[in-house]
Amino acid sequence: MTLPAELPSPRDATVRSPRGAALALVLGGLLLAMLGLEIGVGAAGWSWPLVRELRLPRALAAAGVGALLAQAGLAMQLLLRNPLADPYVLGASGGAGLGALLMLVSFGGLLGLGSLLGALTALGLLLLLGRRALAATDEQAPAQLILIGAMLSAVFGACSTLTLALVPEHSLRGAVFWLVGDLSGASGGWWLCLLAGALALLLRLGARRLDRVALGAEQAWLLGEPLQRLRLGLVLVAALATAAAVSQAGAIGFVGLVVPHLLRLRGVQRMRQQAWAAPLLGAALLLGADALARGVAMPYELPVGAITALVGAPVFVALLLRGQA
């Protein structure tokens with residue numbers, strides 16, 4: 001199996017794009033089903049006080065985190081024109097992880113604040129080091145951004161490994177779970193969902209311009225698009241979405257990588273549909289993964305980031321092979 005070197009443009013779609021109403025119906029039904037599963041899983045069943053106080057806030061957080069990770073992956077794959085790009089390719093996740101660990105070592109908590117500050121620091125470094133690549137009109141710009149992001153991720157990863165040795169023993173298990181991805185302490189689901197909705201609206205409003213970016217840097221420039229501003233906007237969307245998601249749930253992988261692929265395999269190629277379909281599918285995917293993480297080994301709870309990788313990767317490979325058959 002070989003992966004394409006870059007994303008297909010909207011003109012290259014070989015699968016008929018589904019109608020918006022049918023797509024919304026399918027994704028909405030899937031989201032409601034996964035929400036019901038997430039709320040219903042547990043030894044106490046459908047106890048309303050338990051649902052109201054614990055399960056519903058966690059379900060909202062899972063939906064918000066999944067939606068934001070899917071949007072970050074969509075923005076990264078469009079920016080870099082690379083189907084292997086995900087929310088962590090530009091170093092935002094590494095910076096968030098390092099910031100959280102530093103807060104844990106220094107203050108014994110405040111992981112969310114530390115991860116947010118770390119992700120914003122990574123964004124600032126990326127904009128500083130990649131300012132020429134963002135302004136370039138040739139096809140080497142995405143490769144330069146990938147290299148800068150890989151360098152930042154490596155540096156942040158090495159610093160996180162060193163910092164992990166300084167984490168107090170009583171907090172070590174929580175830190176490891178958080179680095180893998182854990183929703184047990186997630187909160188603020190309402191604002192995560194609102195942020196995902198705002199980013200979806202922003203991407204939808206710029207859908208025509210972003211579709212032109214998907215044609216390639218030279219074509220977008222010839223069509224009169226402000227390439228530097230569009231690239232900067234995509235970087236900000238991806239970094240903000242990743243920072244918000246990681247600050248609440250840690251480094252959950254796979255969602256941002258696979259959701260845009262699943263949509264494209266079903267013929268959803270244009271941004272006017274991807275802008276709202278990606279967050280819906282991402283929310284449903286993470287809700288299902290978290291329900292599985294809580295229910296597969298009760299009374300123990302597994303890290304949801306491991307579930308998304310172990311369950312999602314084989315499914316994604318099977319769908320990709322089927323799409324290429």
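Scroll up for the structure.
Keep in mind the model is a prediction, meaning the values are calculated, not measured.

The rules behind these values
Residues numbered from 1 in each chain as written. Predicted model: local features only at pLDDT ≥ 70, side-chain atom pairs only at ≥ 80, totals over all residues. Heavy atoms only, no water. Salt bridge = Lys/Arg side-chain N within 4 Å of Asp/Glu carboxyl O. Helix = DSSP H or I, 4+ residues; strand = E, 2+ residues; numbered from the N terminus. Buried < 20%, exposed > 50% of the residue type's maximum accessible area, 1.4 Å probe, protein only. Axes fitted to C-alpha atoms, helices over the stretch in contact; angles between N-to-C directions. Parallel < 35°, antiparallel > 145°, perpendicular 65-115°, else oblique. Left-handed = near helix turned anticlockwise from the far one by under 90°. Contact = heavy atoms within 4.5 Å. Nonpolar A, V, L, I, M, F, W, Y, C, P; charged D, E, K, R; others polar. Expected span 1.5 Å × (residues − 1).

Asks: Can you help me understand the pattern of salt bridges in this one?
Replies: Pairing is possible between side chains of opposite charge, provided their charged atoms come close. Here the structure, examined in full by the defined rule, presents three salt bridges. With its nearest N and O atoms 3.5 Å apart, the salt bridge here joins glutamate 38 to arginine 294. Of this pair, glutamate 38 sits in helix 1 (residues 20–40) while arginine 294 sits in helix 13 (residues 271–295), and the two are 256 residues apart along the sequence. Overall, arginine 294 belongs to the buried group, its relative accessible area being 14%. Two residues, arginine 58 and aspartate 290, come together in a salt bridge whose shortest N-O distance is 2.8 Å. Separated by 232 residues along the polypeptide, arginine 58 in helix 2 (residues 48–80) and aspartate 290 in helix 13 bring together distant segments of the chain. The residues arginine 58 and aspartate 290 share a single accessibility class, namely buried. Overlapping salt bridges bring together Glu38, Arg58, Asp290 and Arg294 as one network.

Asks: Explain the packing of helix 12 (residues 255–265) against helix 13 to me, please; I cannot follow it from the model alone.
Replies: Relative orientation and spacing of two packed helices are given, respectively, by the angle between their axes and the distance between those axes. As a packed pair, helix 12 and helix 13 sit with axes 9 Å apart at the nearest point and diverge in direction by 125 degrees. As the angle between them shows, helix 12 and helix 13 are arranged oblique. Considering the relative orientation of helix 12 and helix 13, their crossing is right-handed. Residues Val255, Val258, Val259, Leu262, Leu263 and Arg264 of helix 12 form the contact with helix 13, whose participating residues are Gln274, Ala277, Ala278, Leu281, Gly282, Leu285 and Leu286. Tallied by class, the residues present in the contact of helix 12 with helix 13 amount to 10 nonpolar, two polar and one charged.

Asks: Explain unusual backbone geometry to me, please; I cannot follow it from the model alone.
Replies: In most cases, non-glycine residues show a negative phi, while peptide bonds are predominantly trans. The backbone of phenylalanine 254 shows a phi angle near 80 degrees, a positive value even though the residue is not glycine. Mapped onto the secondary structure, phenylalanine 254 falls in the loop between helix 11 (227–249) and helix 12.

Asks: What's the story with helix 3 (residues 92–107) in this structure? I'm lost.
Replies: Two residues of an α-helix separated by three or four positions point the same way, owing to the 3.6 residues in each turn. Helix length check: helix 3 (16 residues) gives 22 Å between terminal C-alpha atoms against 22 Å at 1.5 Å per residue, within 8%. The buried fraction of helix 3 amounts to 12 of the 16 residues, a majority that puts the element mostly inside the structure. Along helix 3, the residues classified as buried are Ala92, Ser93, Gly94, Gly95, Ala96, Gly97, Leu98, Gly99, Ala100, Leu101, Met103 and Leu104. Tucked into the core, helix 3 has its buried residues touching helix 4 (111–129), helix 6 (141–164), helix 7 (169–180) and helix 11.

Scope: geometric values only; no functional claims are made or implied.
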